Each structure stands twice: as C-alpha cells, then as structure tokens.
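Reading the structure
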Amino acid sequence: MQTYIQDISKYEGKEVTIKGWLYNKRSSGKVRFILIRDGTGIVQSVITANQTCPEIFEIADRVTQESSLILTGVVRKDPRAPGGYEIVAKKLQIIQLTKDYPITPKEHSIEFLLPQRHLWLRSRKQFAIMRIRHQLIKACRDFLDDQGFLCIDCPILTPASVEGTTTLFPVDYYGDTVFLTQSGQLYNEATVAALGRVYCFGPTFRAEKSKTRRHLTEFWMLEPEIAYMELEELISLIEDLIVYVIGEVLNKRRAELAILERDIKPLEKIKKPFPRITYQEAVELIKKEDKSFRYGDDFGAPHETIISKNFDRPVFVHHYPVGLKAFYMKQDPVNPEFSLSVDMIGPEGYGELIGGGQREDDYDTLVKRLKEKNLPEEPYRWYLDLRKYGTFPHSGFGLGLERTVAWICGVRHVRETIAFPRMLEKIYP
Ligand code: 4AD
Ligand code: MG
C-alpha cells in the first residue's frame, strides 16, 4: 500500500511505501541521504552500508534527480531530518532513471524557468504556491457556501463585453465573432435574480497589451453577486471574506508559507475593520507624492502602491467618478458624478485585488449608459430585461485569484501563482 509523505508522522516505527521522485541526494562517508518527493511533501531516507543490503546502496548511488522511484522502509522520528521524520530504507526500486533533468537545485533565471514550467512546478517553492492557491480557493468557496451562496458557473464564450472593448479576445463562432469572457458578472446578475446569492468561479480573459507583474491574459476570478445588497453591505462582506481566507491559509498552510520565507506578521494584522476612503481622498494621498497626478485620472500600479503604503491592511477605495468605471455601475443618487463602486487595494504594494460595486438597476439609465460608452444595445437586450421584470438593487464583486495568491505568498509576479501562466506573447508550454 502507498503512504503519502504528508501522513508520515502517523506511521512512526512502521513500514511504509512511498511512490515518488528523487528530489535531491547527498552522501557522507558510508551514508547516503536521498530526498524523495511525492507531491504531498518531501521526506529524507537514510541508507547506510551496514544496515541495508548492498544493492540499495548501489541504487542510491546511481539514482538521479527526478528519477521516478518506489521506496519501502521504516519511519523513524529524527529532529535533524527535514520535517522531523525519516525513512530507514529497506527496498528501493527505480521506475525510470532520469537523464539530464534540466532544472538543477541551483538558482535559475526566469527566462530559463518559464519555458520549463511543466517541470518547474516540481520545485519546492512552486509546490508551496500551488498548495496555498488551492487552500485559498477552498476557503473562498467554504466561506460563501456556508453563507448560503450557490456556485452557478457562467459561460466562457460570450457575445458582449463587460469591462470595455479594448481587451476582448475574439473567437470565430461558426462565422460570427464572439469573445472570451472578461467577467461572469452580467450572467451572475441574471442567476442572482433566480437564486438570491450566487457566485461564479472560473477563468476570465483580457487581451492586456502591457507587460506588468500584475497582468495575465487568462486569470481566475471569484465573483459573488447578491440580490438586495447595497454598497455598504458589500464592503462588509468583502472584509469578512478576506479575514476568513487569510485566517484559513495561516492556519492550514504555515509550512508552505515557511517554504516561501513569507513574513507572516503583515498577514496576521489582517483584521477588521479595513480602512475605507473615497476616490477623492485617495487622490489627495497620491498627490502628496506624485505632483503630476490629476483628479479624474485612473490609478496605475504606482498610484495603488502609494495608497497602500498608508495602511497596514487592505484598503477600500469607493465612489470613483462615473467616467472611470464600466457602464453597469450605479450612479450615487446623492451625487451622480460618482459611482457606487469599490476597489480593494492590497497591502504591501500588491495593487487592486478586488473590483466591484452596486449595479445600475434602472432600465432607462442603463440604456443611456450603454449609449455613452458607445456599446450596441442588441447584445445586452437580455441584460436589460433584468431591469424590466422585477428590477432590484444588487451588488457584487470580482476577486482576482492570482493577485491574491501573489499577495498571500509574497511573490512579486503573478506568473508564479497559476500552473500555466498566459501572458502577452507567452503561451508555451
Ligand atoms: O476590476 P475588474 O475588471 O472587475 C470586474 O471584472 C467585475 N466585472 C467583477 C464583478 O464585479 N463581478 O476585475 C476584478 C479583479 C481585479 O481587481 C484584479 O484582481 C483581477 O480581477 N484582474 C486581473 N488579474 C490578473 N490579470 C489581469 N489582467 C486582471 N484584470 C483584472
Ligand atoms: Mg478593476
């Protein structure tokens, strides 16, 4: 029977069989140490000339990095071993002897690693990032599911834009042009009228034309939408979600955060309440450091970094000028120059992690907004219907998964937070 390395502590003194790959090895005199990984962890096995048969000793000398192998041995507690346990080998079988594995344990440049992504994923740091990503997804879903949300997935092929027309990926659809979805939001607004509280979680696409450390062309978004919820309540919901998911990662992925050498003190500070400032207040913060910034400008990465420097936790920026936001944002009834929009800017310079707000629920206003944005009415006819048949206040947001993983893991660039990143001109492997 196969035992997984993550469960090894339960087998002290017992014989186990590990199936995996050689991560690394070293020798000292008549002792061989081999490090085996199986996808759940890494464990050390000791092979000594006197306690094991000479055959294993010979295999341990021959086995190369990333050879696939099966090891049987007895688990022994040893505080000196990485992870606190090691395996005294009894049997070692090579499934395939790997030749010339390209990623050696030394440091490599990103230019070298990116085309090797299919292999790079086996490295320790990448292993840790993927496990944290999984935990974050699970925590997000648990949080929403426990509050009675339903996960209703939205289509990937769509006839209309959500977030502007400049980042659309066209697809030939039996002779017509359709687009890869930029966001599930518009469909969420239909399903939320049917089911009350919904979210979709899936890949979204933007033909981003610039190379930055925060932009992918294919990224995953968690998008909750709630009927009869207004902006204030939405902000509180986001706050609760973030506090919960950070807590879950801190509780369940300590070891992975340690592998990444992530300083967890800033994460431990993520408690309610998060600061809330208006767009205008954010502009004042930026102007103190960047004299060229003008009221009405959109925030770029450097501006978001200036804003976040003022706080030790995520900050909500709300009430952006109407012109800066998409056609569907509701105008503030008190001051229609502003929209009922909110972005959450992450701490430590990770930029905008969440975008959302209250949706325009008035039919005529929405038609007017489409015209102002030069969008054709036809593809949005069904969307307008939602304002015709029992319109209702509603709000929602989108959390960019990769940016959130980058923040939690403390990795600089989003390219390491998804198994196979898609970026401007980069689609291999
Ligand atoms: O602010 P955005 O564009 O909002 C929407 O798409 C809304 N329709 C969501 C909603 O209300 N349901 O995108 C939401 C988040 C951003 O805050 C950012 O974290 C992430 O998605 N994001 C990207 N992440 C990686 N690469 C890109 N090119 C991204 N564009 C947006
Ligand atoms: Mg946004």
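Residues numbered from 1 in each chain as written. Chains lettered and ligands numbered in written order. Predicted model: local features only at pLDDT ≥ 70, side-chain atom pairs only at ≥ 80, totals over all residues. Heavy atoms only, no water.

Basically, it comes down to this: UniProt positions are given in the numbering used here, feature names are shortened, and annotations may be inferred rather than shown by experiment.
In the nomenclature of an unreviewed UniProt entry, the protein is known as Asparagine--tRNA ligase of candidate division WOR-3 bacterium 4484_100. The Catalytic activity (unreviewed entry) field of the UniProt record for the protein holds the comment "tRNA(Asn) + L-asparagine + ATP = L-asparaginyl-tRNA(Asn) + AMP + diphosphate + H(+)". Of the comments in the UniProt record for the protein, the one headed Sequence similarities (unreviewed entry) reads "Belongs to the class-II aminoacyl-tRNA synthetase family."

**A look at the site of ligand 1**
This is how it is decided: Here a residue is considered near a molecule or strand provided that any single heavy atom belonging to it is located within 4 Å of it. Under this definition, polar contacts are N or O atom pairs within 3.5 Å; protein pairs additionally need one hydrogen-donor-capable and one acceptor-capable atom, and for neighbouring residues in sequence, both atoms have to be side-chain atoms. Each accessible area value is a Shrake-Rupley result obtained with a 1.4 Å probe; residue values ignore everything except the protein chains displayed when judging cover. Helix and strand labels come from DSSP, where a helix needs a run of H or I of at least four residues and a strand needs a run of E of at least two; each type is numbered from the N terminus. Here the term charged refers only to Asp, Glu, Lys and Arg, the term nonpolar to Ala, Val, Leu, Ile, Met, Phe, Trp, Tyr, Cys and Pro, and the term polar to all other amino acids, Gly among them.
The local shell around ligand 1 holds 23 residues, among which Glu163, Gln185, Arg206, Glu223 and Glu352 are the closest. Within the contact set of ligand 1, a nitrogen atom lies 3.5 Å away from a backbone nitrogen or oxygen of arginine 214. Within the backbone of glycine 355, a nitrogen or oxygen atom sits 3.5 Å from an oxygen atom of ligand 1. Protein chains bury 94% of the 630 Å² of accessible surface belonging to ligand 1 in isolation. Counting only elements with at least two residues in the shell around ligand 1, the list comes to strand 11 (218-227), strand 15 (351-358) and strand 16 (394-400). Considering every element that reaches the shell around ligand 1, the biggest residue donor is strand 15, with 5 residues. Across the shell around ligand 1, the residue classes break down as 7 nonpolar, 8 polar and 8 charged.

**So, the environment of phenylalanine 219**
Worth spelling out the cut-off: Burial classes: relative accessible area under 20% of the type maximum marks a residue as buried, over 50% as exposed, and values in between as partly exposed (1.4 Å probe, protein chains only). Whether two residues touch is decided by their heavy atoms; if any such pair falls within 4.5 Å, the residues are in contact.
Relative to the elements of secondary structure, phenylalanine 219 occurs in strand 11. Residue classification places phenylalanine 219 among the buried residues on the basis of a relative accessible area of 14%. As for phenylalanine 219 and valine 315, which are separated by 96 residues in sequence, their C-alpha atoms are 22 Å apart. Those residues in contact with phenylalanine 219, other than ones at most four positions away along the chain, are Gly202, Pro203, Thr204, Arg206 and Glu402.

**Considering the pairing of strand 16**
The condition that has to hold: Between any two strands, at least two bridges found by DSSP are needed for them to pair.
Here strand 16 lies mainly inside the structure; 7 of its 7 residues are buried. Neither face of strand 16 is exposed, since His394, Gly396, Gly398 and Gly400 on one face and Ser395, Phe397 and Leu399 on the opposite face are all buried. As paired strands, strand 15 and strand 16 are joined by 5 bridges and run antiparallel to one another. The residue of strand 16 that forms the bridge with glutamine 358 is serine 395.

**Remarks on the packing of helix 4 (residues 124-146) against helix 13 (residues 401-409)**
Put simply, the rule reads: Here an axis means a line fitted to C-alpha atoms, over the contact stretch when the element is a helix, while the angle between two N-to-C directions is reported on a 0 to 180 degree scale. Angles are sorted into four bins: roughly parallel if under 35 degrees, roughly antiparallel if over 145, roughly perpendicular if 65 to 115, and oblique for all others. Take the far helix as your reference; a near helix turned counterclockwise from it by less than a right angle gives a left-handed crossing, and one turned clockwise gives a right-handed crossing.
Following both chains from N to C, one finds helix 4 and helix 13 inclined at 120°, their axes separated by 10 Å at the closest point. In terms of orientation, helix 4 lies oblique with respect to helix 13. Taken as a pair, helix 4 and helix 13 cross one another with a handedness that is right-handed. Seen from helix 4, the contacting residues are Ile129, Ile132, Arg133, Leu136 and Ile137; seen from helix 13, they are Leu401, Glu402, Thr404, Val405, Ile408 and Cys409. Taken together, the residues of the contact of helix 4 with helix 13 break down into 8 nonpolar, 1 polar and 2 charged.

**So, the UniProt feature "domain: Aminoacyl-transfer RNA synthetases class-II family profile" (unreviewed entry) in the protein**
When the UniProt feature table is mapped to this numbering, "domain: Aminoacyl-transfer RNA synthetases class-II family profile" (unreviewed entry) covers residues 130-429. For residues 130-429, helix accounts for 35% and strand for 20%, while the C-alpha atoms at its two ends are 17 Å apart.

**A word on unusual backbone geometry**
Of note, the amide linkage connecting lysine 272 to proline 273 takes the cis form, showing an omega dihedral of -5°. The topology assignment puts proline 273 in the loop between helix 8 (265-268) and strand 12 (276-278). A cis amide bond, omega 0°, links tyrosine 428 with the succeeding residue proline 429. With respect to the helices and strands, the residue proline 429 is situated in the segment after helix 13. Although it is not a glycine, aspartate 100 adopts a positive phi angle of roughly 55°. Its location among the elements puts aspartate 100 in the loop between strand 5 (85-96) and helix 2 (110-113). By relative accessible area, which is 74% here, aspartate 100 ends up exposed. Its identity is not glycine, yet glutamate 425 carries a phi of approximately 60°, on the positive side. Residue placement: glutamate 425 occurs in the segment after helix 13.

**Points about the sheet that holds strand 8 (residues 170-173)**
If you trace the 3 strands from one edge of the open sheet to the other, you get 7-9-8, paired in antiparallel fashion. The open sheet has two edge strands with one neighbour each: strand 7 (157-158) and strand 8. Pairing analysis gives 4 bridges linking strand 8 to strand 9 (residues 176-180), with the strands arranged antiparallel. Pairing of tyrosine 173 across the sheet is with aspartate 176, part of strand 9.

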